[in-house]
Amino acid sequence: MPRPCTRCGSPVPDGAWACPACGAEDPAARAFVLQEDGRFDAALAAWDEVLALQPGDPAALEGASFCHRAAELMREGAAWDEAAWGQKGITFFEAGEWALADMAYGRVLDLSPLHLSAVCGKGLANFKWAAALKARGDSTAPRRFHTAAVAIREALRLHPGNAALNRVLSLCERELGRP
Ligand SMILES: [Zn+2]
């Protein structure tokens, strides 16, 4: 999902660090890319740049707050195993902290790529996150529905025919405009 350039307001495509219209390096686009990449300290610094340009920007405040907690969690959990990260994922999921749940399940999958409950957790956390974004009209909701769909398809590959997963996948696909 393109974000508006912090300088001229033109859309900056996903993955681009500079605005194609005015050429300005866009800290919001950079923050997004770094955050998605799990580089939370660098992303936090970029969100702080956005906030210096646009004080109170809701996406930047939310991004900064998430990156701050995620960076702390990465330091705290540097030696954690997949079970410890999985437990964190469940705790964040139950608290409705979808971004942190997604990050914790992502760590489980870094350690153990075919971990079924983490694949399911990642899919469901992204689905809930996407639904919350959609409810408040956030333009990044389709990106989350897409991430959810990718994880749930992977979960279905590991656990074929699971009815609950199939239901969530079809809801994601409906949001993404597929039959
Ligand atoms: Zn621009």
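Here, every reference points to the structure presented above.
So, a few notes on the structure that sits alongside this text. (Residues numbered from 1 in each chain as written. Predicted model: local features only at pLDDT ≥ 70, side-chain atom pairs only at ≥ 80, totals over all residues.)

A look at the nonpolar core
Filter applied, for reference: Note on terminology: a nonpolar core is a set of buried residues of type Ala, Val, Leu, Ile, Met, Phe, Trp, Tyr or Cys, with members joined through C-beta atoms within 7 Å. The burial label depends on the number of other C-beta atoms within 10 Å of a residue's C-beta. Counts of 20 or more mean buried, 12 or fewer mean exposed, and intermediate counts mean partly exposed, with C-beta atoms placed from the backbone. Counting from the N terminus, the helices are DSSP H or I runs at least four residues long and the strands are E runs at least two residues long. For each domain, the first and last residues come from an automatic or database assignment. A residue pair is marked as a contact if its C-beta atoms, positioned from the backbone, fall within 7 Å.
Counting 49 residues, the largest nonpolar core has Trp 47 and Ile 152 as its most contacted members. Of all the secondary-structure elements, those providing two or more residues to this core are helix H1 (27-36), helix H2 (40-53), helix H3 (58-76), helix H4 (82-94), helix H5 (98-111), helix H6 (116-135), helix H7 (141-158) and helix H8 (163-175). Of the residues that make up this core, three or more belong to each of domain 1 (1-76) and domain 2 (79-179). Apart from residues lying up to four places away in sequence, Trp 47 is in contact with Ala 31, Ala 60, Gly 63, Ala 64 and Cys 67.

With respect to the packing of H1 against H2
Which entries qualify depends on this criterion: Axes here mean lines fitted to C-alpha atoms, for a helix over just the part in contact, with angles spanning 0 to 180 degrees between N-to-C directions. Any angle that is under 35 degrees is reported as roughly parallel, and any over 145 degrees as roughly antiparallel; angles of 65 to 115 degrees are reported as roughly perpendicular and all others as oblique. Rotating anticlockwise by less than a right angle from the far helix to the near helix defines a left-handed crossing, while the corresponding clockwise rotation defines a right-handed one. Residue type decides the class: Asp, Glu, Lys and Arg count as charged, Ala, Val, Leu, Ile, Met, Phe, Trp, Tyr, Cys and Pro as nonpolar, and the leftover types, Gly among them, as polar.
For the pair H1 and H2, the least separation of the axes is 8 Å and the interaxial angle reads 160°. As far as their axial angle goes, H2 and H1 are roughly antiparallel. Relative to H2, H1 is oriented so that their crossing is left-handed. Residues Pro 27, Ala 28, Arg 30, Ala 31, Leu 34 and Gln 35 of H1 touch H2, and the partners they reach there are Phe 40, Ala 42, Ala 43, Ala 46, Trp 47, Glu 49 and Val 50. Looking at side-chain class alone, the contact of H1 with H2 contains ten nonpolar, one polar and two charged residues.

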